[in-house]
There are 2 protein chains.
Amino acid sequence: MAKYIPRLYCLDDLKETVTIDLAEQQAHYLRSVMRLKVENSVLVFNGRDGEWLAHIVVIDRKHCKLLLIKQTRPQMKGADIWLLFGPIKHGRIEYLIEKATELGVRRLYPVITDHTQVSRIKLDRLHAHAVEAAEQSERLDVPQVKQPIKLGDLLKTWNPERLIFMGDERCNAPSMHYVCQQNPSKSAAVLIGPEGGFSDQEFKHLKALSFVQPVSLGPRILRADTAALAMLSCWQSFCGDW
Amino acid sequence: MAKYIPRLYCLDDLKETVTIDLAEQQAHYLRSVMRLKVENSVLVFNGRDGEWLAHIVVIDRKHCKLLLIKQTRPQMKGADIWLLFGPIKHGRIEYLIEKATELGVRRLYPVITDHTQVSRIKLDRLHAHAVEAAEQSERLDVPQVKQPIKLGDLLKTWNPERLIFMGDERCNAPSMHYVCQQNPSKSAAVLIGPEGGFSDQEFKHLKALSFVQPVSLGPRILRADTAALAMLSCWQSFCGDW
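Summary of the structure given here. Here the structure is a predicted model, which is why all the values come from computation and not from measurement.

Parameters at a glance
- Residues numbered from 1 in each chain as written.
- Chains lettered and ligands numbered in written order.
- Predicted model: local features only at pLDDT ≥ 70, side-chain atom pairs only at ≥ 80, totals over all residues.
- Heavy atoms only, no water.
- Phe/Tyr/Trp six-rings, centres within 6.5 Å; stacked < 30°, edge-to-face > 60°.
- Helix = DSSP H or I, 4+ residues; strand = E, 2+ residues; numbered from the N terminus.
- Buried < 20%, exposed > 50% of the residue type's maximum accessible area, 1.4 Å probe, protein only.
- Patch = residues over 30% accessible without salt bridge, like charges linked within 9 Å, V, L, I, M, F, W, Y side chains within 5 Å.
- Areas by Shrake-Rupley, 256 points an atom, 1.4 Å probe, with all protein chains shown as cover.
- Salt bridge = Lys/Arg side-chain N within 4 Å of Asp/Glu carboxyl O.
- Lys, Arg positive; Asp, Glu negative; His and termini not counted.
- Charge placed at Lys NZ, Arg CZ, Asp CG, Glu CD.
- Least-squares fit on C-alpha atoms with pLDDT ≥ 70 in both.
- Contact = heavy atoms within 4.5 Å.
- Buried area = accessible area lost by both parts, 1.4 Å probe.
- Polar contact = N/O pair within 3.5 Å; in protein donor to acceptor, adjacent residues only side chain to side chain.
- Nonpolar A, V, L, I, M, F, W, Y, C, P; charged D, E, K, R; others polar.

Digging into the packing of aromatic side chains
All names here are of chain A. One pass over the full model with this rule turns up 10 aromatic pairs over all chains. With centroids separated by 6.4 Å and ring planes inclined at 20°, the aromatic side chains of W158 and F211 adopt a geometry described as stacked. With W158 in the loop between α4 (151-156) and β10 (163-167) and F211 in the loop between α6 (200-208) and β12 (212-215), this residue pair connects regions lying 53 residues apart in the sequence. Like W158, the residue F211 is buried in the burial classification. Within the aromatic cluster, the residues linked to one another by ring pairs are W82, Y109, W158 and F211.

Laid out in structure tokens, this is it:
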């Protein structure tokens, strides 16, 4: 196998011959976990300037300085797909963020619903999981983690040109691939409820909106996180960047 | 919300007015976790006789006897899709089994590959996870967990009419939805490698087989478990029972 070159997300602007200082945690990772030394290679990206090859010029217990050598990939934007999710419990939510990042979600929206039971959402942890998944999946950007918002408030100001896909077990909704064929829009969102699903009132409200598209996900009852990954995969295959 | 009726998988034949004895663990679950009492309702299924409503006639610390009342759903077979997976590490594999069960996989095949690092596969644990996911997802059967088999041996006796989908990051493979449109077969399998992927030799061998279909899953590098869920979702939407 080719030698694995670590990939790191950073905030600095990336330009030729510039040096950047990594965060203490990243320095620790490169030195103590990856056992890298001066002159070893690292790849960096910031979501704006593409991916860059860099060489380590200083590395010690708390610091790491990189010299940028050359751009290895130009910046590209992935498909314009968002995930709106009722926060689910610890363990499952990290997995959801990881998978959504790999599947190319651009924006992550925690939505508060009638049955939401998770009281505090640690946005910094969600962001950290998204960063790690972006580094591993060779993404050139990190999905944006938005502040939690009440579902009703989000829908009030929604741009109706962005279709929201929602799994629907209660009636005979069309399948994902049928809807994508009829409506091959280049921007969309996927909505999942919390454990316990949407309230009857929310469900009725959602189904009355022209930009909410219920879809069937088969005869089995999917967990919310499974439904999200299934809808994201189908959308990417049909309308997205696959 | 309607009162949740527990659903349990059992091995007994299910027929009207028959009584069945549950396993000790299931008795414990109904009594101590769900707090059920005599005359309360339970749903049972065995993968052969559909789903049945039953009433508790005896329940104590170690025993639970159910009286079968009536069939609530006839037996149906889901789509004919298998998952072949290089065993991945603890934690991730349970999640994969859960999701694959929800997504309707009929058969789970652990395959041993050149880079397989997991030495012992606990088949009884995998089966237990599949049972739990089947109970929760309202499936009428439980996916069959097969004995681990060397990838080469499995391919030697493979029925070439069952297409094997495999994610391919190394070349310009067609997308899932294109392949499904061209080949809307009613039986298929999805193959994922272990952490570290397939060896070059395995990869070459796989690509030379007429029944192995490499597919593109976009510009990001997906983890093996993400790739499996993505391919299963797309196949179900196109060719399966969604």
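Moving on from the model shown.
Thoughts on helix α2 (residues 92-102) of chain B
Three or four residues apart is the spacing at which side chains of an α-helix point the same way, because the helix has 3.6 residues per turn. All names here are of chain B. Most of α2 sits inside the fold, with 11 of its 11 residues counted as buried. Residues R92, I93, E94, Y95, L96, I97, E98, K99, A100, T101 and E102 constitute the buried set of α2. Among the residues trailing α2, G104 stands out with phi positive, at a value near 90°.

Remarks on a positive patch on the surface
Judged by side-chain charge, R31, R35, K37 and R61 of chain A come together as a positively charged surface patch. Mapped onto the fold, R35 of chain A is located in the loop between α1 (24-33) and β3 (41-45).

Things to note about the relation of the copies chain A and chain B
With an RMSD of 0.0 Å, the operation that places chain A on chain B is a rotation of 180° combined with a shift of 0.0 Å along the axis. Given the turn and translation reported, the copies of this chain are related as if by a two-fold rotation axis. Identified as the residue of chain A closest to the rotation axis by C-alpha distance is C234 of chain A, at 2.6 Å. Here 100% of the contact residues of chain A are again contact residues in chain B; the copies associate through an equivalent surface.

Remarks on the interface of chain A and chain B
Contacts between the two partners involve 37 residues from chain A, matched on the other side by 37 residues from chain B. Interface area, chain A with chain B, both sides summed: about 3,300 Å², of which 55% is carbon and sulfur. On the surface where chain A and chain B come into contact, there are 10 salt bridges. In this structure, R223 of chain A engages E102 of chain B in a salt bridge whose closest nitrogen and oxygen atoms are separated by 3.8 Å. Viewed at the interface, chain B and chain A are joined by 24 residue pairs in polar contact (both at pLDDT 80 or more). Elements represented by at least two residues in the side of chain A that touches chain B include exactly α2 (92-102), α3 (123-137), α5 (176-182) and α7 (224-238) of chain A. Among the elements that take part in the side of chain A that touches chain B, α7 of chain A stands out by supplying 9 residues, more than any other. For the side of chain A that touches chain B, the residue count by class is 13 nonpolar, 14 polar and 10 charged.

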